[in-house]
Amino acid sequence: MSDVAKRLKVIDSHTAGEPTRVVVEGLPEFTGTPGEWRDFLRAQHDDLRTAVACEPRGHEAMVGAYLLEPTQSDCVAGVVFFNNVGYLHGCLHGTIGLTVTLAHLGRLTEGENKIETPTGIVTVRPPEDGWVTVQNVRSWRHAAAVPVDVPGWGTVQGDVAWGGNWFFLIEAGDTIEVDFKNLDQLTDFTCAVRDALEANGITGAEDGEIDHIEVFGPTADDSADSKNFVLCPGREYDRSPCGTGTSAKLACLHAAGILQPDQPWRQAGILDSVFEGSVQEAFEGGVIPTVKGRAFVTGENELLVHPNDPFGEGIVYSRA
């Protein structure tokens, strides 16, 4: 066995408090679309994901992004997002983090820049004082006021919506207060909801797994229109207001007649950081959301994966 360490160059950033680690060098040889890359990496090189996102180099909140060469001539990059338990359909906080990383590398042009993702093409503009605007893929409400019996919590109603991932969106009401001091209770509640959705066979379109649970409550001041807590795959919460979750929320608000095209919506996250959003109506139904958030590059690093290290491929837990 070779004792030469595998080297992965990464650039770290955070978007509204949520980390993104972009792998910019060190991927195996392959050519394809982001969807094809995701399938290839999942099948043959999943050890890279766990090495980057899991302990001892990563942690449960870490979201990774593989920076790829685009397959479409009008795109500046391709990307596949992942975390400690698997691969993500899309990720807007990660797209914002990728954008400040591309700017850091000098790889953006003036005006609109298109990025290929497994869910479609998203459009970004170069950051202004860290602020990045992303036009997301088509988002829509799949089902409204869906009831599910949650053991220990009773019947909970929520909307099922797509914003780049599948979400179950719940208005907290008197059930639970959406506040940082309630992290443990919010995590227990949303984990119970996700388990109940799975047990009852409640899914998105084409049996899409609902792997994100989003709970909304009022804000303490007028800095935002609502405040959320988002449970991500891996049983960890999103430190940001969640870009795909904000997109799903915007789609639900539009479907309910509450949010009109170009009307601003400010979504606070559990850390009180804020994303700004709006929508345009989509020709094939749903909306095209635009989400604006702020990100900063926090470091450059070269990860070393030693072949004789018993934890070289990361410490992998069975939690999902």
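Residues numbered from 1 in each chain as written. Predicted model: local features only at pLDDT ≥ 70, side-chain atom pairs only at ≥ 80, totals over all residues. Heavy atoms only, no water.

Caption draft 1: Main features of helix H5 (residues 243–255). If you check H5, its first and last C-alpha atoms are 18 Å apart, about what 13 residues at 1.5 Å a residue would give, namely 18 Å. Among the 13 residues of H5, twelve are classified as buried, and the element is accordingly described as predominantly covered. Three or more residues of H5 are buried, namely Gly243, Thr244, Gly245, Thr246, Ser247, Ala248, Lys249, Leu250, Ala251, Cys252, Leu253 and His254. Positive phi appears at Gly257, one or two residues downstream of H5, with a value of about 80°. (Helix = DSSP H or I, 4+ residues; strand = E, 2+ residues; numbered from the N terminus. Expected span 1.5 Å × (residues − 1). Buried < 20%, exposed > 50% of the residue type's maximum accessible area, 1.4 Å probe, protein only.)

Caption draft 2: Summary view of the pairing of strand S9 (residues 140–150). Of the strand pairs in this sheet, S9 and strand S10 (residues 154–162) are connected by eight bridges, and their pairing is antiparallel. Of the residues in S10, the one forming a bridge with Ala143 is Val160. Connecting the antiparallel pair S9 and S10 is a turn made up of three residues, with Gly152 showing a positive phi of about 90°. (Pairing = 2+ DSSP bridges.)

Caption draft 3: Just unusual backbone geometry, in detail. A cis amide bond links Glu55 with the next residue in sequence, Pro56, at an omega value of 10°. With respect to the element layout, Pro56 can be found in the loop between helix H2 (46–53) and strand S3 (64–68). Even without being a glycine, Ala16 presents a positive backbone phi close to 55°. If you trace the backbone, Ala16 turns up in the loop between strand S1 (6–15) and strand S2 (18–25). A positive phi angle, close to 60°, is found at Arg235, a residue other than glycine. Position of Arg235 relative to the elements: it lies in the loop between strand S13 (226–232) and strand S14 (236–237). Among the residues examined, Arg235 registers a relative accessible area of 25% and is labelled partly exposed.

The values reported here are purely geometric and, on their own, carry no functional implication.
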